[in-house]
Amino acid sequence: RENFICLCNPHLEKMKEDILYHFALGTGTHDFPSLFGDVKFVCVGGSPSRMKSFIAYIAEELGLGTPGSDYPNICAGTDRYAMYKVGPVLSVSHGMGIPSISIMLHELIKLLHHAKCSNITIIRIGTSGGIGLEPGSVVITRQSVDATFKPQFEQVILGKTVIRSTDLDEQLAKELMQCSKEINQFNTVVGNTMCTLDFYEGQGRLDGAICLYNEEEKLRYLKEAYDAGVRNIEMESSVFAAMCNLSGVKAAVVCVTLLNRLEGDQISSSHDVLVEYQQRPQKLVGYFIKKRLAKV
């Protein structure tokens, strides 16, 4: 059964051309079905360089490229986001924080619709701060929760507060967890992910330029988060889950933890260790894609 992208916007039907400004792409200048019609998997992450390294990795894993091949940035006409493609896999950067990823997702969802893509799976791969986990652990998100531990994304639209669900696809999370068990290379858990509006005060850090609470209050809050099922903290998952839900797209969030926030605030691991940690979500999602394509 073909499941196509659902666009929750009747105004788009009246437009002669749709310009995806932040991608430097448009329906009047690009043949979306030809360029993207075969896409089945979309992986998104904060850093352009990380998403370029991911497309090189997945190309090699799928046997679709030669080692050392260069993959052009499809969005080279802008410096907002980067996009790479190999076979049925699209790799897109989304920047940092809810506003940045939401802008990217609006245009990505429209791109997939205009390309007549079907049966799409979108996975955010990234880094996070862990709660009660050893650094390097991978968290597959069950629900994205806000800073008060509610599974919702709250946005003001036309002066009114709109609340949207942040549940993620349960079966997809189970499938990813099974993949991690099969590769058996690092600790992986399924848990809630807290999505915050900033990196410092919003996450209870003590090392920002401004901090008007003490360590005891910080630890009390993080332990409350842990008791609510939260296992990691990042800044994009809530709007990601909400927008994918509204668009009828199966989605997952897979993030590695760079530190245990119950033990400190600053990331102190060496560069080489951090690079290896950041490759773990790529390895898990790469194996998942290979398995889906019957290449395992």
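Note that the coordinates shown come from a computational prediction; the quantities given were computed from them, not determined experimentally.

Q: For this particular structure, what's the right way to read the side chain of Thr78?
A: Mapped onto the elements of the fold, Thr78 is located in the loop between helix H2 (48–62) and strand E4 (83–86). Looking at Thr78, its side chain comes within polar contact range of the main-chain nitrogen of Arg80, at 3.1 Å.

Q: Sorry, what's going on with the packing of helix H3 (residues 98–114) against helix H6 (residues 237–246) here?
A: The relative placement of two packed helices is expressed as an angle between their axes plus a distance between the axes. At their nearest, the axes of H3 and H6 sit 9 Å apart, and the two run at 25° to each other. It follows from the interaxial angle that H3 and H6 lie roughly parallel. Viewed along their axes, H3 and H6 form a crossing whose handedness is right-handed. Every residue of H6 that contacts H3 at Ile98, Ile101, Ser102, Leu105, His106 and Ile109 is listed here: Ser238, Val239, Phe240 and Met243. Taken together, the residues that form the contact of H3 with H6 break down as 7 nonpolar, 3 polar and no charged.

Q: Explanation requested: the UniProt feature "binding site: substrate" (unreviewed entry) in the chain in the structure shown.
A: Under the UniProt annotation, "binding site: substrate" (unreviewed entry) lies at Gln203 and Arg205. Residues from the annotated list that form part of the lining of the second largest pocket: Gln203 and Arg205. Here Gln203 lies in the loop between strand E10 (188–195) and helix H5 (215–227). A polar contact of 3.4 Å, which involves the side chain of Gln203, links it to the backbone oxygen of Asp198. Relative to the helices and strands, Arg205 is located in the loop between E10 and H5. Within polar-contact distance, the side chain of Arg205 engages the backbone oxygen of Phe199 at 3.0 Å.

Q: Is there a simple way to explain the UniProt feature "domain: Nucleoside phosphorylase" (unreviewed entry) in the chain in this structure?
A: Per the UniProt record, "domain: Nucleoside phosphorylase" (unreviewed entry) is found at residues 40–289. Taken end to end, residues 40–289 is 35% helix and 27% strand, and its first and last C-alpha atoms sit 10 Å apart.

Q: Help me understand the layout of surface pockets in this model?
A: In this approach a probe as big as a water molecule rolls over the atoms, and the regions it shows empty are the leftover space. The calculated volume of the largest pocket comes to roughly 750 Å³. Residue lining of the largest pocket: 29 residues in total, with Phe153, Gln155, Arg164, Val239 and Met243 positioned closest to the centre. Elements supplying a minimum of two residues to the lining of the largest pocket: H3, strand E8 (152–157) and H6. When its residues are assigned to classes, the lining of the largest pocket shows 16 nonpolar, 9 polar and 4 charged. Taken together, 21 residues form the lining of the second largest pocket, with Met96, Thr127, Ser128, Phe199 and Met235 sitting closest to its centre. Looking at the lining of the second largest pocket, the elements that each hand over two or more residues are strand E6 (121–130), strand E11 (230–234) and strand E12 (250–260). It is E6 that provides the largest number of residues to the lining of the second largest pocket, a total of 5 residues. Classifying every residue of the lining of the second largest pocket by side-chain character gives 7 nonpolar, 9 polar and 5 charged.

Quick notes on the rules
- Residues numbered from 1 in each chain as written.
- Predicted model: local features only at pLDDT ≥ 70, side-chain atom pairs only at ≥ 80, totals over all residues.
- Heavy atoms only, no water.
- Helix = DSSP H or I, 4+ residues; strand = E, 2+ residues; numbered from the N terminus.
- Polar contact = N/O pair within 3.5 Å; in protein donor to acceptor, adjacent residues only side chain to side chain.
- Axes fitted to C-alpha atoms, helices over the stretch in contact; angles between N-to-C directions.
- Parallel < 35°, antiparallel > 145°, perpendicular 65-115°, else oblique.
- Left-handed = near helix turned anticlockwise from the far one by under 90°.
- Contact = heavy atoms within 4.5 Å.
- Nonpolar A, V, L, I, M, F, W, Y, C, P; charged D, E, K, R; others polar.
- UniProt positions renumbered as here; feature names shortened; annotations may be inferred.
- 1 Å grid on protein atoms, 1.4 Å probe; cavity = no way out; pocket = protein on both sides within 12 Å on 5 of 7 lines; lining within 4 Å.
- Points joined across faces, edges and corners; volume = space filled by probe spheres on them.

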